[in-house]
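Examination of the molecular architecture
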Amino acid sequence: MTEPVRLSKRMSELGLSSRREADEWIAKGWVRVDGQVISELGSKVLPHQKITVERQAAAQQAKRVTVLLNKPVGYVSGQAEDGYKPAVVLVKPENRWADDPSPEQFHPSQLKSLVPAGRLDIDSVGLLVLTQDGRIAKQLIGEDTSIEKEYLVRVQYTKPGRLPDADLKKLNHGLWMDGKPLLPAKVRWQNDDQLSFTLREGRKRQIRRMCDMVGLKVIGLKRVRIGRVKLGELPPGQWRYLGADERF
């Protein structure tokens with residue numbers, strides 16, 4: 001017999017909401033299991049049971065925004081630290097990209113619970129996703145995510161000559177970090193001093209550490225794509241809304 005699981009966990013697995021959202025909806029009486037309202041936190045369900053949510057929950061979810069920011073150097077992705085400002089301070093009307101095609105109107109309530117879905121180091125630039133939607137956060141940074149992230153990395157070889165082909169192969173597959181093998185990556189030269197890295201994982205300072213292992217020093221690092229969403233023409237320090245038709 002299949003074991004019962006927490007209702008909030010099952011809702012997250014089904015992609016209905018994040019766990020935190022699920023708990024909020026359960027407490028408000030917005031969740032039904034096999035037609036019965038369940039309002040007790042911690043309630044459990046069996047996998048075959050049908051879960052539905054009230055229209056208020058869907059309406060609340062539809063109001064949640066996701067923002068794409070071209071993060072400049074000197075801002076941290078998450079909480080302020082060591083005197084550096086968090087990237088979310090750049091999300092204000094005057095920094096909205098003039099060419100943003102979204103009809104969404106900015107409102108200060110959109111800054112509440114607007115959190116980064118993934119990291120970008122303080123000295124790295126490019127595409128940073130900030131979202132109020134737990135489903136998008138789970139999709140981008142959940143344990144089982146396999147969404148590709150693409151980076152352009154300017155490098156300098158610290159040894160005589162050029163990077164050997166064998167070391168380029170190692171960057172693609174064969175390196176270990178923190179006692180674990182890295183997933184296969186796609187790494188190729190863009191020009192004489194710039195590599196393109198496409199990764200399906202994001203360990204702390206992963207690209208810089210990978211480069212260091214083969215004698216490359218990172219001079220600049222820019223994230224240009226997450227899944228199917230590209231940085232495109234978005235200027236540094238500016239932001240736009242994720243379009244209703246865009247999917248990672």
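Not measured: the values here are computed from a predicted model.

**What to know about helix α3 (residues 55-62)**
- Turning to α3, its buried residues number three or more, namely A57, Q60 and Q61. Angularly, the buried residues of α3 cover 100 degrees about the axis, an arc narrow enough to put them on a single face. In this structure, α3 carries R55 and A62 as exposed residues pointing more than 90 degrees from its buried face.

**Things to note about the sheet that holds strand β3 (residues 36-37)**
- Read across the open sheet, the three strands follow the order β3-β2-β5; overall the sheet is antiparallel. Lying at the two open borders of the sheet, with one neighbouring strand each, are β3 and β5 (51-53).
- Pairing of strand β2 (residues 31-33) with β5 involves three bridges; the strand directions are antiparallel. Pairing of V31 across the sheet is with V53, part of β5.

**Quick look at the nonpolar core**
- Counting 33 residues, the largest nonpolar core has Y151, V153, L171, L195, F197, I207 and L216 as the members making the most contacts within it.
- Mapped onto this core, the elements with two or more residues apiece are β6 (66-71), β8 (125-131), β9 (149-157), α5 (165-172), β13 (194-199), α6 (206-213), β14 (216-226) and β16 (239-241).
- When residues no more than four places from it in sequence are discounted, the contact partners of F197 are K149, E150, Y151, V153, L171, K186, V187, I207, M210 and C211.

**Focus: unusual backbone geometry**
- A positive phi is found at D34, a non-glycine position, where the angle reads about 50 degrees.
- Although it is not a glycine, R205 adopts a positive phi angle of roughly 50 degrees.
- By secondary structure assignment, the location of R205 is in the loop between β13 and α6.

**Regarding the packing of helix α2 (residues 19-27) against α3**
- Direction vectors running N to C along α2 and α3 enclose 140 degrees, while the axes themselves pass 11 Å from each other. Looking at the two axes, α2 sits oblique to α3. Handedness of the α2/α3 crossing: right-handed. Residues E21, E24 and W25 of α2 form the contact with α3, whose participating residues are A57, Q60 and Q61.

**Description of a positive patch on the surface**
- On the surface, R6, R19, K44 and K138 cluster together into a patch of positive charge.
- Tracing the chain through its elements places K138 in helix α4 (residues 134-141).
- Judged by its relative accessible area of 35%, K138 is partly exposed.

**A few points about the packing of aromatic side chains**
- Counted under the stated rule, the structure contains two aromatic pairs.
- Arranged with centres 6.0 Å apart and planes meeting at 55 degrees, the rings of F106 and W239 form a pair that is tilted. Residue F106 is found in the loop between β6 and β7 (115-116), and its partner W239 is found in strand β16; the two are separated by 133 residues along the sequence.
- Taking relative accessible area as the criterion, F106 reaches 23% and is therefore assigned partly exposed.
- Here W239 and Y241 contribute two aromatic rings whose centre-to-centre distance is 5.0 Å and whose plane-to-plane angle is 90 degrees, an arrangement assigned as edge-to-face.
- Each residue in the set F106, W239 and Y241 is aromatic and connected to the rest through ring pairs, giving one cluster.
- Looking at R162, its charged tip hangs above the ring of W189, at a distance of 5.1 Å from the centre.

Reading guide: rules and limits
- Residue indices begin from 1 for each chain and proceed along its sequence in written order.
- Only residues with pLDDT of at least 70 are given local features in this predicted model, and only at 80 or more are side-chain atom pairs given and counted; all residues enter the totals for whole chains, interfaces and linings.
- With hydrogens and water set aside, each side-chain value is computed from the structure's full complement of heavy atoms.
- The buried label applies to any residue whose accessible area, calculated with a 1.4 Å probe on protein chains only, is under 20% of its type's maximum; exposed applies above 50%, and partly exposed to all values in between.
- Counting from the N terminus, the helices are the DSSP runs of H or I reaching at least four residues and the strands are the DSSP runs of E reaching at least two.
- This arc is built from the directions going out from the helix axis to the C-beta atoms.
- For two strands to pair, DSSP has to find at least two bridges joining them.
- Residues belong to a common nonpolar core when they are buried Ala, Val, Leu, Ile, Met, Phe, Trp, Tyr or Cys residues joined through side-chain atoms within 4.5 Å.
- In this description, contact between two residues means that some pair of their heavy atoms is separated by no more than 4.5 Å.
- Axis definition: a line fitted to C-alpha atoms, over the contacting stretch in the case of helices. Angles run 0 to 180 degrees between N-to-C directions.
- Any angle from 65 to 115 degrees is called roughly perpendicular, while one under 35 is roughly parallel, one over 145 is roughly antiparallel, and all others are oblique.
- Left-handed describes a crossing whose near helix is turned anticlockwise from the far helix through less than a right angle; right-handed describes the clockwise counterpart.
- Only residues whose relative accessible area exceeds 30% and that form no salt bridge are eligible for patches; like-charged ones are grouped when within 9 Å, while nonpolar side chains (Val, Leu, Ile, Met, Phe, Trp, Tyr) are grouped when within 5 Å.
- Computed by Shrake-Rupley with a 1.4 Å probe, the accessible areas treat only the displayed protein chains as cover when residues are assessed.
- The working definition used for a salt bridge is a side-chain nitrogen of Lys or Arg within 4 Å of a carboxyl oxygen of Asp or Glu.
- Note on charges: Lys and Arg go in the positive column, Asp and Glu in the negative column, and His and the chain ends are not counted at all.
- Taken as the charge location is NZ of Lys, CZ of Arg, CG of Asp or CD of Glu.
- The aromatic pairing rule takes the rings of Phe, Tyr and Trp, using the six-membered ring of Trp, and pairs them if the centres are within 6.5 Å, calling planes under 30 degrees apart stacked, those over 60 edge-to-face and the rest tilted.
- In this analysis the charged atom, NZ for Lys or CZ for Arg, is taken to sit over a ring once it is within 6 Å of the ring centre and within 35 degrees of the ring normal.

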